[in-house]
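Now for the letters of each chain:
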Amino acid sequence: MEVDEVVCLPRLSRVAVCGGTHGNELSGVYLVRELLKAEKKVRKKEEEEEEPLSVQMVLSNPRAMQQCRRYIDTDLNRCFTHATLNGSTSDSDPYEMIRSRELNAMLGPKGSPKAVDLVCDLHNTTANMGLCLIAYSDCDWICLHIFRHLQANIPLRYIHFDVSSKESYSLDSVGKHGFAMEIGPQPHGVVRSNIYTAMKVGVQHVLDWVRFFNSGTIFEGGFVDVFTMVKHIDYPRDSETHNITAAIHPQLQDRDFCLLHPEDALFQTFSGETLRYKGNEPLYPFFVNECAYYEKGIALSLARKRHVMIPAIRVQTEQEQQANEQGFASEEEE
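Fair warning: this is a prediction, and the values are worked out from it, not measured in the lab.

Details of the pairing of strand E13 (residues 300-310)
Looking down a regular strand, the side chains alternate between one sheet face and the other.
And then number 1: Judged from the eleven bridges that link them, strand E8 (residues 222-233) and E13 form a sheet pairing that is antiparallel. When the bridges of E13 are listed, Ile 233 appears paired with Leu 300.
And then number 2: The sheet contact formed by strand E12 (residues 284-286) and E13 spans three bridges and is antiparallel. Bridge pairing in E13 links Tyr 284 to Ala 303.

Have a look at this one:
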């Protein structure tokens with residue numbers, strides 16, 4: 001691809017790495033704590049660089065972390081809509097709603113030029129998903145190039161949740177770019193060294209990529225595989241009590257991202273009967289038997305795999321960025 005075909009994007013000067021959005025997902029909690037310990041050394045090193053990168057480490061839900069619970073009142077990672085962030089406040093508001101506004105003031109405001117350039121929000125899953133990046137766009141070239149860079153170094157998948165019909169509600173949506181780094185399997189309330197280390201390596205690759213990008217590196221275009229979520233499937237339930245009547249079938253358990261075909265075993269009832277997948281097409285299951293999703297009525301999610309073309313990119317020069325900012329200001333005046 002010729003250089004003049006390269007997409008030029010603004011510098012990523014401010015990055016936020018967030019852990020503990022769910023207080024019992026401990027890899028991110030302990031990793032951010034470790035990064036905070038090293039913050040003074042990092043700052044001293046960055047002061048010597050001509051173009052410092054500001055990396056802000058955030059412990060998102062401190063009360064839930066103290067109690068090693070997913071949340072105190074409500075799921076913090078569902079509290080970042082504009083309506084919630086900009087609504088009227090009350091002392092009786094759920095703790096996570098109050099905390100989402102504090103985080104929006106710290107990292108946003110969401111949708112504004114003042115928002116941080118990139119949010120990396122760290123999560124664990126009990127499902128056997130390995131390391132995944134989860135984002136709400138399949139055309140955010142920054143996120144997709146980060147994914148491509150990481151995938152060249154470590155096993156990784158990219159999951160796209162399509163929110164074209166509604167606003168994204170997660171913490172990573174506060175930044176100009178953002179994604180969740182999801183890794184499992186790890187029980188909630190537990191930290192496993194191998195899972196923690198994989199997350200640590202993943203975050204380091206993200207920050208390395210940002211520094212390469214800011215230094216002027218041109219990243220070539222190409223294709224990436226994206227898993228786009230199609231639908232959720234709930235457990236079979238009793239019509240009167242709404243209690244579940246089956247578990248994930250042993251042939252499906254721990255087989256996240258293994259293609260599920262029509263008539264494949266899906267659930268096994270508590271009386272021993274096999275219930276089969278009745279979909280019209282093969283799809284890829286993920287978040288299979290995720291512990292935290294029992295309350296949401298989700299046994300697993302299903303996705304299609306797509307081959308997505310991403311363009312070559314590089315950072316804008318100072319002159320290009322100034323021209324872009326002047327154009328933006330002119331549009332606001334009209």
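Topic: the nonpolar core
And then number 1: Counting residues in each nonpolar core, the largest one holds 43 residues, and the members touching the most others are Leu 122, Ile 146, Phe 179, Met 181, Trp 209 and Phe 213.
And then number 2: Of all the elements, helix H7 (residues 193-214) adds the most residues to this core, at nine residues.
And then number 3: If near-sequence neighbours (up to four positions away) are discounted, Met 181 is found in contact with Cys 120, Asp 121, Leu 122, His 123, Leu 131, Cys 132, Leu 133, Leu 150, Met 199, Gly 202, Val 203 and Val 206.
And then number 4: If you look at the next biggest cluster of nonpolar residues, it comprises 17 residues, including Ala 127, Phe 286, Ala 292 and Tyr 293.

So, the sheet that holds strand E6 (residues 157-160)
And then number 1: In spatial order, the strands read E3-E2-E4-E7-E5-E6-E8-E13-E12; together these nine strands make up an open sheet with mixed pairing. The open sheet terminates on both sides in strands that have one partner only, identified here as strand E3 (54-59) and E12. On average, each strand axis in the sheet is inclined to that of its neighbour by 30°, with strand direction left out of account.
And then number 2: Across five bridges, strand E5 (residues 130-135) lies against strand E7 (residues 177-184) in antiparallel orientation. Along E7, the bridge assignment pairs Cys 132 with Glu 182.
And then number 3: Packed on one face of the sheet, helix H1 (residues 26-37) meets strand E2 (14-19), E3 and strand E4 (118-124) and runs near 130° to E3.

Points about the packing of helix H6 (residues 141-151) against H7
And then number 1: Orientation of H6 relative to H7, taken along the N-to-C sense of each, is 120°, at an axis distance of 10 Å. Taken together, H6 and H7 sit at an angle that is classed as oblique. The crossing of H6 and H7 is right-handed. Of the residues in H7, those in contact with Ile 142, His 145, Ile 146, His 149 and Leu 150 of H6 are Gly 202, His 205, Val 206, Trp 209, Phe 212 and Phe 213.
And then number 2: When the residues that make up the contact of H6 with H7 are grouped by side-chain class, the tally is seven nonpolar, four polar and no charged.

Concerning the domain arrangement of the protein chain
And then number 1: You can read the domains of the protein chain as domain 1 (10-219) and domain 2 (228-303).
And then number 2: A C-alpha centroid distance of 28 Å is found between domain 1 and domain 2.
And then number 3: At the junction of the two partners, domain 1 supplies 17 residues and domain 2 supplies 16 residues.
And then number 4: Note on domain 1 versus domain 2: buried area summed over both sides is about 1,400 Å², and carbon and sulfur give 58% of it.
And then number 5: Per-residue buried area on domain 1 facing domain 2 is highest for Asn 128, Met 129 and Phe 161; these three make up 30% of the total on that side.
And then number 6: Inspection of the region where domain 1 meets domain 2 yields one salt bridge.
And then number 7: Measuring nitrogen to oxygen at the nearest pair gives 3.2 Å for the salt bridge that ties Asp 75 to Lys 296.
And then number 8: Joining domain 1 to domain 2, the criterion identifies ten residue pairs in polar contact (both at pLDDT 80 or more).
And then number 9: Mapped onto the side of domain 1 that touches domain 2, the elements with two or more residues apiece are E5 and E6.
And then number 10: Here the element with the most residues in the side of domain 1 that touches domain 2 is E6; it accounts for three residues.
And then number 11: Its residues assigned to classes, the side of domain 1 that touches domain 2 comprises seven nonpolar, five polar and five charged.

Thresholds applied
- Residues numbered from 1 in each chain as written.
- Predicted model: local features only at pLDDT ≥ 70, side-chain atom pairs only at ≥ 80, totals over all residues.
- Heavy atoms only, no water.
- Pairing = 2+ DSSP bridges.
- Helix = DSSP H or I, 4+ residues; strand = E, 2+ residues; numbered from the N terminus.
- Core = buried A, V, L, I, M, F, W, Y, C linked by side-chain atoms within 4.5 Å.
- Buried < 20%, exposed > 50% of the residue type's maximum accessible area, 1.4 Å probe, protein only.
- Contact = heavy atoms within 4.5 Å.
- Axes fitted to C-alpha atoms, helices over the stretch in contact; angles between N-to-C directions.
- Parallel < 35°, antiparallel > 145°, perpendicular 65-115°, else oblique.
- Left-handed = near helix turned anticlockwise from the far one by under 90°.
- Nonpolar A, V, L, I, M, F, W, Y, C, P; charged D, E, K, R; others polar.
- Domains from an automatic or database assignment.
- Buried area = accessible area lost by both parts, 1.4 Å probe.
- Salt bridge = Lys/Arg side-chain N within 4 Å of Asp/Glu carboxyl O.
- Polar contact = N/O pair within 3.5 Å; in protein donor to acceptor, adjacent residues only side chain to side chain.

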